[in-house]
Each structure stands twice: as structure tokens, then as C-alpha cells.
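# Summary of structural features
Read off the chains here:
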Amino acid sequence: MTPVERTDLDAKGINVAGLTLLLGALTAFAPFATDLYLPGLPEIAASFRTDSGHVQLSLSVFFLGLAVGQIIYGPLIDRLGRRLPLLIGVAIFTVTSFLIAFAPTIEAFVGLRLLQGLSGCAGMVVGRAAVRDLFDERETARVFSMLITVIGIAPIVAPVLGGYVLTVSQWPAVFVLLGLFGLVCLAAAARFLPETLPEDERNSANLGSIVMTYLRLASCRAFILPALVGSFAFGGLFSFISGSSFVFIEIYGLSEQHYGWLFGIVAAALMVGAQVNRALLKTLEPRTVFAIGIAVSIAAAIALNLAVATGSLVLVVMALWAIVGVIPLISTNAMAIAMAQSRGNAGSASALLGLLQFGTAAIVSAVISTIHNDTAYPMSGAILGCGIVAGILLVVFRMTEKNRR
């Protein structure tokens with residue numbers, strides 16, 4: 001299927017706004033399943049009579065499941081089409097969410113979280129691949145911005161919603177809510193999601209050729225360099241997610257409820273940035289917007305570290321808002337540029353993008369935990385480090401493109 005323009009899709013009866021909303025909800029499984037239960041971590045530890053480290057392991061294995069699961073789903077959706085693997089993944093996510101609410105031990109809780117991550121990544125992989133099936137590079141970047149807008153709602157409302165759920169019930173109710181969300185998404189996908197990959201374009205590759213596809217993508221500079229730039233942009237975002245609770249609560253003395261609201265205010269920058277990205281793409285090429293985002297990100301990261309030195313919470317939040325706000329300018333255009341190199345393997349390319357994003361996020365989160373020193377510098381330093389690495393990779397990418405001409 002040749003990527004087409006939005007007007008062509010509307011003419012074919014596919015509601016682009018509705019499709020984007022559905023794909024955004026499916027992709028939001030990860031932030032909902034991550035942020036919704038964060039306020040309940042102490043209660044979960046007390047319930048299982050264990051320490052916070054064992055409960056936090058459930059977050060790590062969830063990210064591991066998201067990363068590994070995408071590598072599995074990528075070849076599947078190139079071979080079987082987009083709909084069937086997605087519906088299976090969402091169904092498993094839904095059932096697993098309900099089972100977590102009744103987990104008898106911390107070991108069962110952690111194991112089910114791994115399964116939840118493995119299945120919940122289906123929407124992320126299929127969402128990126130379906131967009132690539134339907135749109136050209138510029139339009140892909142614009143639709144990704146729409147997805148970011150939908151996805152951006154999750155980290156805004158999830159911590160606040162989780163906190164309010166815990167005021168009227170106990171932690172299992174959070175996972176029952178996740179299960180109900182999965183059930184609604186499953187029904188909507190079964191009813192409204194079209195198959196975007198025709199049978200004559202499906203890949204019947206065996207294991208060996210699948211491995212070769214991943215190796216080809218990983219060795220293709222036009223794919224791997226923008227993919228890595230986008231991954232380090234996400235690394236900066238997860239540096240904020242990993243370190244913000246300690247910084248805002250322990251250093252600046254905010255309550256858990258006020259932390260949830262402030263977290264949401266910063267996360268709202270994702271939606272604003274997504275709209276700015278869409279507007280810029282009307283007149284600028286994705287590569288230009290991409291570079292603008294990197295430049296602003298590095299400048300804002302330097303400002304963040306200076307703000308940390310002053311001890312001003314207002315300045316820290318302003319710098320974080322700018323850093324989070326330019327992520328759509330970087331990540332959506334990076335994904336669009338990388339996905340344009342998929343050459344009939346959009347599912348595998350989408351999966352590799354997901355592995356790089358969540359793999360980078362996991363590494364950055366681990367680094368912040370390792371260098372924790374009771375200050376905000378591990379978080380702010382990690383954000384600056386991610387920005388600098390992304391900038392270096394962007395320079396290498398631009399030089400590579402210049403040499404190819």
C-alpha cells in the first residue's frame with residue numbers, strides 16, 4: 001500500500017481523527033500502567049509485607065516487557081497483519097490487569113507485571129506501523145504529533161486519578177480500572193480498527209530472515225541514527241519521570257497530591273509541543289523541526305542545571321516544561337524519518353524503535369538510581385547528558401546524509 005494523504009483516507013471512509021484517537025488510547029497503555037499505580041507503591045509494599053525495592057521491581061520488569069515484547073510483535077504484525085496480533089495483545093493485557101488485582105504474592109505481582117508489559121506493547125507497535133502504512137513521511141510526523149497529544153493526557157491524569165482511587169479504595173482497584181480500560185479499548189479496536197496491511201504485502205519471513213531484517217535496520221544509518229536521537233529524547237523524559245518524585249517531594253517538600261498536580265502540569269507540555277510540531281510541519285521539513293527541537297532541548301537542559309543550583313522550584317519547573325515540550329518536535333520527526341526506511345518491514349522497524357526507546361529509558365532510570373546523592377543533579381544531569389548525546393548523533397546523521405548526496 002502506497003502511503004497516502006489525509007484527504008485520500010477520508011475519501012476511503014477512514015476517519016483519521018477517530019483512528020488517531022483509538023491508536024492513541026492503545027499506545028497510552030504504557031503510561032497508564034506506569035503512572036496510575038505510582039501513588040499506591042507504599043500500600044502495595046505493606047500489603048505484601050515487603051520493602052519498596054521489591055515493589056519498584058514491578059516497574060522495571062514492566063519496562064523490560066515493553067522493550068522485549070515489541071521485538072516479538074514487530075515480525076508478527078508484518079506477517080499476520082495489524083489487527084489480529086493487536087487484538088490478542090490487548091486481550092492478554094486486559095486479563096492480566098484483572099489478575100494483578102488478585103495477586104497472592106509479590107512474586108506473582110511482579111511476574112504478572114512482566115506479562116502486562118509484554119502484551120501492552122502491542123498497541124505501541126501497531127500504532128506506529130499503521131500510521132506508516134497510511135501516510136507519507138511529512139504526514140506521518142503530523143499524525144504522530146496527534147498521537148502524542150492523545151498519549152500526553154495519560155501522564156497528566158494518571159497520577160492524580162490513581163491518588164483519588166486510593167482515597168476511596170485499596171490498590172487492587174487501580175488494576176481493576178486498568179482492566180476496564182483495556183476492555184473498552186479491545187471492544188473499540190475490534191469494532192473500528194481497519195486492517196492497514198494488505199495480504200499481498202505481508203512478510204512470510206522465517207526466524208533467520210527476521211534476524212537479518214533487524215540487523216539490516218540496525219546497520220542502516222538512515223534508520224538507526226534518527227531512531228537513537230528520538231530514543232535519547234525519550235531518555236530525557238524518563239529521567240524526569242524517574243527522578244521527579246524524589247526531587248519534588250523530598251527536596252522541595254511537596255505533598256504527594258501536589259506532586260501529582262505538578263507532574264501533570266509539566267506533562268501537559270507534551271500536548272502543547274505536539275501542536276507546535278504540527279504547525280511547524282505545515283511549512284518546514286521534518287529534519288528542520290527535528291534540529292530545532294534538539295537545540296532547544298540542550299539549551300533548556302543547561303538552564304535546568306543552573307536552576308537547580310539556585311534552588312528555585314519555579315525556575316526548575318519552567319526549564320522542565322521546556323524540555324518536555326520539545327520532545328514531540330524531536331521524537332515524532334525522528335520516528336517519521338526512521339520509519340521511512342522500513343522498506344516493507346514497518347512492523348519490525350516499529351518494534352526496533354520501541355526497543356531503543358524503552359531500553360534507553362531503562363538504562364537512564366538505572367543510572368539515576370545508581371548515582372542518587374540526595375540532590376536534584378542526578379535527574380538534571382541525566383537530562384543534559386541525553387540532550388548532548390542526541391545532539392552529537394544529530395550532527396553525525398546530518399553529515400551522513402550530506403555524504404550520501
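Computed from a predicted structure; not experimentally measured.

### Some words on the overall build of the protein chain
- When helices and strands are counted, the protein chain shows 20 helices and 0 strands.
- Over its C-alpha trace the protein chain gives a radius of gyration of 20 Å, about what one expects of a compact globule, namely 22 Å for 405 residues.
- Expressed as a percentage of the 405 residues in the protein chain, the buried residues total 56%.
- In the protein chain, the proportion of contacts linking residues at least 24 apart, taken out of those at least 6 apart, comes to 85%.

### A look at a nonpolar patch on the surface
- A grouping of L64, V68, I72, L76, L80, L84, I88, I92, L114 and L115 is seen on the molecular surface, where their side chains present a nonpolar patch of about 790 Å² in accessible area.
- Broken down by secondary-structure element, the contributors of at least two residues to the nonpolar patch are α5 (52–80), α6 (83–100) and α7 (106–120).
- Of the residues forming the nonpolar patch, the biggest block, 5 residues, is contributed by α5.

### A short note on unusual backbone geometry
- Unusually for a residue other than glycine, R49 sits at a positive phi of about 55°.
- Its place among the elements puts R49 in the loop between α4 (41–47) and α5.
- You can call R49 exposed: its relative accessible area is 80%.

### Re helix α13 (residues 221–251)
- The end-to-end C-alpha distance of α13 is 42 Å, a good match for the 45 Å that 31 residues give at a rise of 1.5 Å each.
- Along α13, the sharpest kink reaches roughly 50°, centred on G243.
- Extensive coverage of α13 is indicated by the burial of 23 of its 31 residues.
- Two residues or fewer after α13 comes G253, characterised by a positive phi angle close to 75°.

### Quick notes on the pattern of salt bridges
- Using the criterion set out here, one finds 1 salt bridge in the structure.
- As a salt-bridge pair, R82 and D78 come within 3.1 Å of each other at their nearest N and O atoms.
- For R82, a relative accessible area of 2% translates into the label buried.
- A relative accessible area of 4% places D78 in the buried class.

### A short note on the packing of aromatic side chains
- Taken as a whole and assessed by the stated rule, the structure comprises 10 aromatic pairs.
- For the ring pair F29 and F181, a centre distance of 5.5 Å and an interplane angle of 75° mean the geometry is edge-to-face. Separated by 152 residues along the polypeptide, F29 in helix α3 (residues 29–35) and F181 in helix α11 (residues 172–192) bring together distant segments of the chain.
- Exposure remark for F181: the relative accessible area of 23% places this residue in the partly exposed category.
- A centroid spacing of 5.5 Å and a plane angle of 90° characterise the contact between F109 and W171, whose relative ring orientation is edge-to-face. You can see F109 sitting in helix α7 and its partner W171 sitting in the loop between α10 (153–168) and α11, a full 62 residues away along the chain. When sorted by exposure, F109 lands in the same class as W171, which is buried.
- Each member of the aromatic cluster is reached from another via a ring pair, and the members are F29, F32, F93 and F181.
- In this arrangement the basic side chain of R113 is found over the ring face of F62, its NZ or CZ atom lying 4.3 Å from the centre.

### Here we look at the packing of helix α17 (residues 313–325) against helix α18 (residues 327–339)
- The N-to-C vectors of α17 and α18 enclose an angle of 20°; their axes lie 5 Å apart at closest approach. It follows from the interaxial angle that α17 and α18 lie roughly parallel. Contacts from I323, V324 and G325 in α17 reach I327, P328 and L329 in α18.

### As for α6
- The end-to-end C-alpha distance of α6 is 26 Å, a good match for the 26 Å that 18 residues give at a rise of 1.5 Å each.
- Those residues of α6 that sit buried are P85, L86, L87, G89, V90, F93, T94, T96, S97 and I100.

### A word on the confidence of the model for the protein chain
- Confidence in the prediction for the protein chain averages 82 pLDDT; 91% of positions are at 70 or higher.
- Between residues 1–12, whose pLDDT stays under 50, and residues either more than four places distant or in other chains, the model counts 28 contacts.

### Things to note about the environment of V160
- Tracing the backbone through its elements, the reader meets V160 in helix α10.
- In sequence terms V160 and G243 are 83 residues apart; their C-alpha atoms lie 18 Å from each other.

### Regarding the nonpolar core
- One finds F109, F223, F240, F248 and L320 to be the most contacted residues of the largest nonpolar core, which totals 126 residues.
- No other element matches α13, which puts 15 residues into this core.
- Residues contacting F248, with those up to four places away along its chain left out, are F240, G253, L254, Y259, L262, L313, V317 and L320.

### What about the environment of G162?
- With respect to the element layout, G162 can be found in helix α10.
- Each C-alpha atom of the pair G162 and S342 lies 38 Å from the other, and the pair is 180 residues apart in sequence.
- Leaving out residues up to four positions away in the same chain, G162 has contacts with L36 and P39.

### Considering the side chain of R113
- Positionally, R113 belongs in helix α7.
- Among the polar contacts made by the side chain of R113, one reaches the main-chain carbonyl oxygen of A33 at a distance of 2.9 Å.
- For R113, the contacting residues outside a window of four places in its chain are A33, T34, Y37, S58, L59, V61, F62, I100 and F175.

Criteria and thresholds
- Residues numbered from 1 in each chain as written.
- Predicted model: local features only at pLDDT ≥ 70, side-chain atom pairs only at ≥ 80, totals over all residues.
- Heavy atoms only, no water.
- Helix = DSSP H or I, 4+ residues; strand = E, 2+ residues; numbered from the N terminus.
- Rg over C-alpha atoms; globule rule 2.2 N^0.38 Å.
- Buried < 20%, exposed > 50% of the residue type's maximum accessible area, 1.4 Å probe, protein only.
- Contact = heavy atoms within 4.5 Å.
- Patch = residues over 30% accessible without salt bridge, like charges linked within 9 Å, V, L, I, M, F, W, Y side chains within 5 Å.
- Areas by Shrake-Rupley, 256 points an atom, 1.4 Å probe, with all protein chains shown as cover.
- Salt bridge = Lys/Arg side-chain N within 4 Å of Asp/Glu carboxyl O.
- Expected span 1.5 Å × (residues − 1).
- Bend = angle between axes of the 7 residues up to and from the residue.
- Phe/Tyr/Trp six-rings, centres within 6.5 Å; stacked < 30°, edge-to-face > 60°.
- Lys NZ or Arg CZ within 6 Å of the ring centre and 35° of its normal.
- Axes fitted to C-alpha atoms, helices over the stretch in contact; angles between N-to-C directions.
- Parallel < 35°, antiparallel > 145°, perpendicular 65-115°, else oblique.
- pLDDT = per-residue confidence, 0-100.
- Core = buried A, V, L, I, M, F, W, Y, C linked by side-chain atoms within 4.5 Å.
- Polar contact = N/O pair within 3.5 Å; in protein donor to acceptor, adjacent residues only side chain to side chain.

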